[in-house]
Amino acid sequence: MTSDKRIVSLLADLFAKKGLENIVISSGSRNAPIILAFGNHPDIKALSVVDERSAAFFALGIAQQTHKGVAIACTSGSAVLNYAPAIAEAFYQKTPLLVLTADRPPHMIDIGDGQTLRQENVFAQFIKKSYSLPLDFSDEKEFWEVNLMINEAIDQLLVPEPGPVHINIPFDEPLYNMVEKAIEGEVIDTRVAIPTLDKSIEDEFVTVWNKSKKILFLAGQASRSESMEEVLSVLSGFPQVTVLTETTSNLTHPDFIDGIDNALSAIHREEAPDFHPDFLITFGGAIVSKKIKSFLRRQKPEQHWHISVSGEKMNTYFALSQVVTDEPAAFFQKLLSTLQMGESGYRNRWLQKKNLVDEGRKKYMESIPYCDFKVFVTLIEKIPKNSILHLGNSTPVRYSQLFGSSKKFQYFSNRGVSGIDGQTSTASGMAFTSSEINTLITGDLSFFYDSNALMNLNLTPNFKIIVINNGGGGIFRFIPGPDTSLQLEPFFVAKHSWKAEKLAAAFDINYFKVENLQQLEELLPEFYKNLSRPAILEIFTPAEENARVLRNYFSFLKSISH
Ligand SMILES: Cc1ncc(C[n+]2csc(CCOP(=O)(O)OP(=O)(O)O)c2C)c(N)n1
Ligand SMILES: [Mg+2]
């Protein structure tokens, strides 16, 4: 059985035939045909999440894990607009989200009908492509047009790079009628082959490489890639090469500089020219470190090349010289044998800084009281191996950078647009589809903001939420500007004394809390042992101490390098 709306039964048919599996549906009436068609399809897994904002982030988490398109479907009106934050994140983080919004027929828009707004093209600024389906098809030709359009919409989710696609679908009443047989679509491959790279660009790359004495690779956000790790490990052995990574780049090797802010804090103004690259090579998504952005913008590299499949012009440092349209690991691998090793002290200079700050950090840690910094050290050490680690925006994703990348984790964070509005939902989506333990480390404001993530019957026991409750947005006590403002506590920090305990009880989630390091160390095994329910661990930390310790940390690194 399926909906009698032929358009939507065709859509569900092609969705399944093209190998997509998951749809997250939010309750509503206008989207009833979508619910009937997808919900009854034997090869489609339909999940129900009521809050559209959370549902879209939940789907984003599934897509991040599976690397396959995941659909979301909602009713008409403001429900649609609640998808916007996750769509923007999917767009900038390059995650395939198929957005299905039910609508009224065009003649019913802006005439005073209920739960209606202008939905066509509503996500235009941050969507790969928007489609509007007709109400029905009347002949063979129209059928083929719709069939082609749906094929193309689904293919667009992944090529040339992944991202969100919107299909707005008008439905006439009655909405709930069923028929026995679905409309069968025909699968068409609409993907266009990526043009092969112009050989002259490869030659030019090699020329620039061979005359550069200071070559800096900077790896943006990406999921784990063994081929990238392998080729970069070889290149990081070249004396003129330094590889900078962040935890969210998911690349580890002892020769990579994996604590960018640590190392940069120990580089003095007068020695900075020795560390500046003459050839900067970037790939991947967002970079967390603000320090590296200002370092590279202050003194620009002579050459900056960005490598990506879509060939986007990512001019982050206002020095972009060339864009290479290729898969980065394959591109480096292809050229590896032609890249010369140069004589240079560049690699060693960076590695010396890394060693210096690593030693310094150990010393510094011995001297500090209980605070966010210390809590983080314990968490990184004690969170079980092979965990997927989700890092909330604000300080969690920044603290994680200070302790280097560990092979024992895969790191995720919504760094596409860095919102605090959906990390819990996203992490819960990934936990849903993965067999590993998924730990989210989030700030209190971010947690309370996305508390509807808990209003979800699909939460799984492998989902562990660690809330670092420092009574508001601790980041604003640290960054220069708000820290000296009279508005600091009410408006920037948004100081509060809320606790997560009763929220956890409302949604039947195990709850633990700690207020010092000893309690934390004792409780962590129990928190992870109980795998029958998802769980929240709330860690209360002293707000003012946190900022002081972090500020002093960077001053300390500066001082030891003199
Ligand atoms: C949707 C959204 N609104 C506002 C912000 C701005 N913002 C960034 S961090 C932050 C504070 C977060 O506080 P918390 O989650 O407690 O983390 P902490 O700073 O204490 O680590 C705010 C409001 C944002 N990034 N996204
Ligand atoms: Mg906080």
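The following refers to the structure shown. Remember, predicted model here, so these are calculated numbers, not experimental data.

## Considerations on the environment of Leu391
Next up, step 1: For Leu391, the position within the fold is in strand β14 (residues 387-391).
Next up, step 2: Once the C-alpha coordinates of Leu391 and Ile441 are considered, the two residues, 50 residues apart in sequence, prove to be 5.3 Å apart.
Next up, step 3: Apart from the residues lying within four places of it in its own chain, the contact partners of Leu391 are Thr247, Phe376, Pro396, Val397, Ser400, Tyr411, Phe412, Ser413, Gln423 and Ile441.

## As for unusual backbone geometry
Next up, step 1: The omega torsion of the bond from Val159 to Pro160 falls at -10°, within 30 degrees of zero and hence cis.
Next up, step 2: The peptide bond linking Glu173 to Pro174 adopts the cis configuration, its omega dihedral lying at 0°.
Next up, step 3: Within the chain, Asp110 stands out as a residue other than glycine whose phi angle is a positive 60°.
Next up, step 4: For Asp110, the position within the fold is in the loop between β5 (97-103) and β6 (129-132).
Next up, step 5: The phi dihedral of Ala494 is positive, around 55°, even though this residue is not glycine.
Next up, step 6: Within the fold, Ala494 resides in the loop between α19 (488-493) and α20 (501-506).

## Things to note about the pattern of salt bridges
Side-chain pairs of opposite charge can arise whenever the charged atoms involved come near each other.
Next up, step 1: For the coordinates displayed, the defined rule picks out 28 salt bridges.
Next up, step 2: The salt bridge involving Asp113 is made with Arg104; its shortest N-O contact spans 2.7 Å.
Next up, step 3: Asp113 sits in the partly exposed class, given a relative accessible area of 31%.
Next up, step 4: Under the relative-accessibility criterion, Arg104 is labelled buried at 12%.
Next up, step 5: Arg191 is the salt-bridge partner of Asp189, the closest N and O atoms lying 2.9 Å from each other.
Next up, step 6: For Asp189, a relative accessible area of 51% translates into the label exposed.
Next up, step 7: Overall, the relative accessible area of 48% leaves Arg191 in the partly exposed class.
Next up, step 8: A single network of salt bridges, built from pairs that share partners, joins Arg477, Glu489, Lys495 and Glu544.

## Concerning the coordination of the magnesium ion (ligand 2)
Six octahedral donors around a metal ideally sit at 90 or 180 degrees from one another, while four tetrahedral donors ideally sit at 109.5 degrees.
Next up, step 1: Note on the magnesium ion (ligand 2): its protein donors are Asp444 (OD), Asn470 (OD1) and Gly472 (O). The metal-donor distances range over 2.0 to 2.2 Å.
Next up, step 2: Donor residues for the magnesium ion (ligand 2), ordered by position in the chain, follow D-x25-N-x1-G. In this structure, Asn470 and Gly472 share a single accessibility class: buried.

## Focus on the site of ligand 1
Next up, step 1: Neighbouring residues of ligand 1: 18 residues in total, closest Ser394, Thr395, Ser446, Gly472 and Gly474.
Next up, step 2: Taking Ser446, its side chain carries an N or O atom lying 2.6 Å from an oxygen atom of ligand 1.
Next up, step 3: A distance of 2.9 Å separates an oxygen atom of ligand 1 from a polar backbone atom of Gly472.
Next up, step 4: Alone, ligand 1 offers 590 Å² of accessible surface; in the complex the protein occludes 76% of this.
Next up, step 5: At the level of elements, α15 (395-401), α17 (444-449) and α18 (475-478) are the ones that each hand at least two residues to the shell around ligand 1.
Next up, step 6: The greatest single-element share of the shell around ligand 1, amounting to four residues, is contributed by α17.
Next up, step 7: Its residues assigned to classes, the shell around ligand 1 shows six nonpolar, 10 polar and two charged.

About the cut-offs
- Residues numbered from 1 in each chain as written.
- Chains lettered and ligands numbered in written order.
- Predicted model: local features only at pLDDT ≥ 70, side-chain atom pairs only at ≥ 80, totals over all residues.
- Heavy atoms only, no water.
- Helix = DSSP H or I, 4+ residues; strand = E, 2+ residues; numbered from the N terminus.
- Contact = heavy atoms within 4.5 Å.
- Salt bridge = Lys/Arg side-chain N within 4 Å of Asp/Glu carboxyl O.
- Buried < 20%, exposed > 50% of the residue type's maximum accessible area, 1.4 Å probe, protein only.
- Donors = N, O, S within 2.8 Å, 3.2 Å for Na, K, Ca; no water.
- Near = heavy atom within 4 Å.
- Polar contact = N/O pair within 3.5 Å; in protein donor to acceptor, adjacent residues only side chain to side chain.
- Areas by Shrake-Rupley, 256 points an atom, 1.4 Å probe, with all protein chains shown as cover.
- Nonpolar A, V, L, I, M, F, W, Y, C, P; charged D, E, K, R; others polar.

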